[in-house]
Amino acid sequence: MASALRPRVLKFGGSSVADAACMRQVLAVVREALPAAPLVVLSAMGKTTDALFRAARAARGGDLGAALDEAEGLLGRAEAALREVAGGVAPDEALSALARERDALEVLLRGVAMLQELTPRTQDAIASTGERLSTLVFAALLAHEGVPCEHVDAREVVRTDATFGAGVPQPVALRARAGERLAPHLGPGRVVLTQGYVGATEDGLTTTLGRGGSDYSAALLGAALDAEEIQIWTDVEGVLTADPRVAPGARPLPHLSFAEAAELAAFGAKVLHPATIQPAVERGIPVTVRHTQRPQGRFTTITAAGRAGRPVTALAHRGPVTALTVHSTRMLAQAGFLARLFDVFGRLGVSVDLVATAEVSVSLTVDAGAPLGPLLAELRAFSEVTVVERRAIVAVVGERLKHTAGLGARVFAALSEVNVEMISMGGNEINLSLVVAEDDAPEAVRRLHRALIEAE
Ligand code: ADP
Ligand code: ASP
Ligand code: MG
């Protein structure tokens, strides 16, 4: 890198790039950022990734017709957008790139249907199509509008391991690739464009970072390039005090600490992918969350320190999860009990969200998709286990939580009519988590929001 140019990363989510009109709004935002040497990272258009997953499942089920229909639907939408952004006549080059995507997707779906087998590796090859279609359309729009653009395939940059479906980024290789493939093209007045969500192994096999992973891509690339800021452009004015679909009174937060944002993301605030914050933390790069349709509106800035306001910053909730209570009367006598217990989870690759311990029992929650059969078989070899499914975690998050006396009482007063089954205070003391029945979670969030946030 010639100088200490610090680019600005702008990531646009699915709803921001849903069609040609949305793409034009993205262009308006990108134009404003041109002096800041923008790296633009795009998600797939609208719900394209969901459609690709449906197509893959239909093919696995042997229904090739449904799979190809689904594929044709999303390809048709991309093609319509392509023609529209290019003023009616798309350039041949873009049309042939689209045709290559169409052919590749069809071959993959036919293969899956023929074998009725869908490996994570094939699933990634299929799912990654969405982001490539979306950057293809946006590149055509930039070309049509005369904005200089370098369009880079993320697979040349975002190196991951071979964990298909949840590729683990390899930061050293990624940084080197970003230095070679992106940095030389970054500069004021031009756009460097790439896909979110998509990566590749050392051998060039396509991987993905997991659902919602474009935020993570933006953060990884921003960290690799020492960006001045990582901007997450979406359909809300920043991170709100709760999921706005659940708590109508939710309002945008101007400031959030990295730790608070990480807790909220981990406990279900879909607005940020849970892994997004880490790369930014490591390099101290601020992350902002902004509304694409209201670029001059409010937004959230996430930095190391945040800016403490009220005791509770925000709420998040996530479900379904499964709650397990592991009971052993011999537990007290056994010093190594917890080690033995967690060894089972470790070996089976099941991550534990919350833990609460009592004298002779340990309660914990795991993802609803965890392999309960093998887990219970191993645990029951040395303890009694009760299982309660369809639970949800409600997380109360705030940097000032630990200094606020009487908060627990207020939480329980607010939830007097909701059955709270488990409580856990996060190790970092900024997260008080509760387990409730999944059906009770929205009401619990609304009540807590009124009592702890709206009443302040
Ligand atoms: P994108 O496609 O831009 O990545 P997402 O749908 O992944 O957008 O994330 C944005 C959505 O996250 C919002 O529309 C909102 O419904 C949801 N959401 C959940 N919790 C929160 C929160 N605390 N603040 C803001 N949005 C939230
Ligand atoms: N398109 C991917 C998904 O829908 C990644 C993303 O949008 O962040 O999961
Ligand atoms: Mg998202």
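Residues numbered from 1 in each chain as written. Chains lettered and ligands numbered in written order. Predicted model: local features only at pLDDT ≥ 70, side-chain atom pairs only at ≥ 80, totals over all residues. Heavy atoms only, no water.

Draft legend 1. Expanded view of the overall build of the protein. Broken down by element type, the protein carries 14 helices and 16 strands. Against the 2.2 N^0.38 benchmark of 23 Å for 456 residues, the protein shows a C-alpha radius of gyration of 23 Å, consistent with a compact globule. Across the 456 residues that make up the protein, the buried fraction comes to 52%. When the accessible surface of the protein is summed, it comes to about 19200 Å², and 51% of that surface belongs to carbon and sulfur atoms. In the protein, the 45 positive side-chain charges and the 52 negative ones have mean positions that sit 3 Å from each other. (Helix = DSSP H or I, 4+ residues; strand = E, 2+ residues; numbered from the N terminus. Rg over C-alpha atoms; globule rule 2.2 N^0.38 Å. Buried < 20%, exposed > 50% of the residue type's maximum accessible area, 1.4 Å probe, protein only. Areas by Shrake-Rupley, 256 points an atom, 1.4 Å probe, with all protein chains shown as cover. Lys, Arg positive; Asp, Glu negative; His and termini not counted. Charge placed at Lys NZ, Arg CZ, Asp CG, Glu CD.)

Draft legend 2. Seen up close, the layout of surface pockets. Roughly 1400 Å³ of internal volume is contained in the largest pocket. As for the largest pocket, its lining consists of 46 residues, and the residues nearest its centre are Gly 212, Asp 215, Lys 270, Val 271 and Leu 272. Elements that contribute at least two residues to the lining of the largest pocket include exactly α2 (48–60), α8 (214–224), β7 (229–234), α9 (258–266) and β11 (314–327). Here the residues of the lining of the largest pocket sort into 18 nonpolar, 15 polar and 13 charged. Its boundaries defined by the atoms lining it, the second largest pocket holds a volume of some 490 Å³. Lining the second largest pocket are 18 residues, with Glu 93, Ala 97, Leu 136, Ala 139 and His 151 positioned closest to its centre. Those elements that provide at least two residues to the lining of the second largest pocket are α4 (92–115), α6 (129–144) and β3 (149–151). Of the residues that constitute the lining of the second largest pocket, the class distribution is 10 nonpolar, 3 polar and 5 charged. (1 Å grid on protein atoms, 1.4 Å probe; cavity = no way out; pocket = protein on both sides within 12 Å on 5 of 7 lines; lining within 4 Å. Points joined across faces, edges and corners; volume = space filled by probe spheres on them. Nonpolar A, V, L, I, M, F, W, Y, C, P; charged D, E, K, R; others polar.)

Draft legend 3. Molecular detail of the packing of α2 against helix α3 (residues 64–85). α3 packs onto α2 with a crossing angle of 160° between their chain directions and a minimal axis gap of 7 Å. Of the possible angle classes, the one that applies to α2 and α3 is roughly antiparallel. Handedness of the crossing formed by α2 with α3: left-handed. Each of Thr 48, Ala 51, Leu 52, Arg 54, Ala 55, Ala 58 and Ala 59 in α2 lies in contact with α3, whose residues at this interface are Ala 66, Ala 67, Glu 70, Ala 71, Leu 74 and Arg 77. Counted by class, the contact of α2 with α3 contains 9 nonpolar, 1 polar and 3 charged residues. (Axes fitted to C-alpha atoms, helices over the stretch in contact; angles between N-to-C directions. Parallel < 35°, antiparallel > 145°, perpendicular 65-115°, else oblique. Left-handed = near helix turned anticlockwise from the far one by under 90°. Contact = heavy atoms within 4.5 Å.)

Draft legend 4. Representation of the packing of α3 against α6. Following both chains from N to C, one finds α3 and α6 inclined at 10°, their axes separated by 9 Å at the closest point. Our classification of the angle between α3 and α6 gives roughly parallel. Residues Leu 74, Leu 75, Ala 78, Ala 81, Leu 82 and Val 85 of α3 form the contact with α6, whose own contacting residues are Leu 133, Leu 136, Val 137, Ala 140, Leu 141 and His 144. Of the residues belonging to the contact of α3 with α6, the class tally is 11 nonpolar, 1 polar and no charged.

Draft legend 5. Molecular detail of the sheet that holds strand β15 (residues 422–425). If you walk across this open sheet you meet the 6 strands as β12-β13-β11-β14-β16-β15, and the pairing is antiparallel. If you trace the sheet from one side to the other, it starts and ends with β12 (352–357) and β15, each paired once. Between one strand axis and the next, the sheet turns by 30° as a mean value, whatever way the strands run. Contacts from helix α12 (residues 372–379) reach β11 and β14 (384–397) within the one sheet, and its direction differs from that of β11 by about 45°. (Pairing = 2+ DSSP bridges.)

Draft legend 6. The arrangement of unusual backbone geometry in detail. Cis geometry marks the peptide bond from Gly 319 to Pro 320, where omega comes out at -5°. Along the chain, Pro 320 falls in strand β11. With phi around 50°, Gln 116 is a residue other than glycine that occupies positive phi space. Along the chain, the position of Gln 116 falls in the loop between α4 and α5 (120–127). A residue is classified by how much of its surface remains accessible, and Gln 116, at 48% relative accessible area, is partly exposed. The residue Tyr 197 is not glycine, and still its phi comes out positive at about 75°. For Tyr 197, a relative accessible area of 3% puts it in the buried group.

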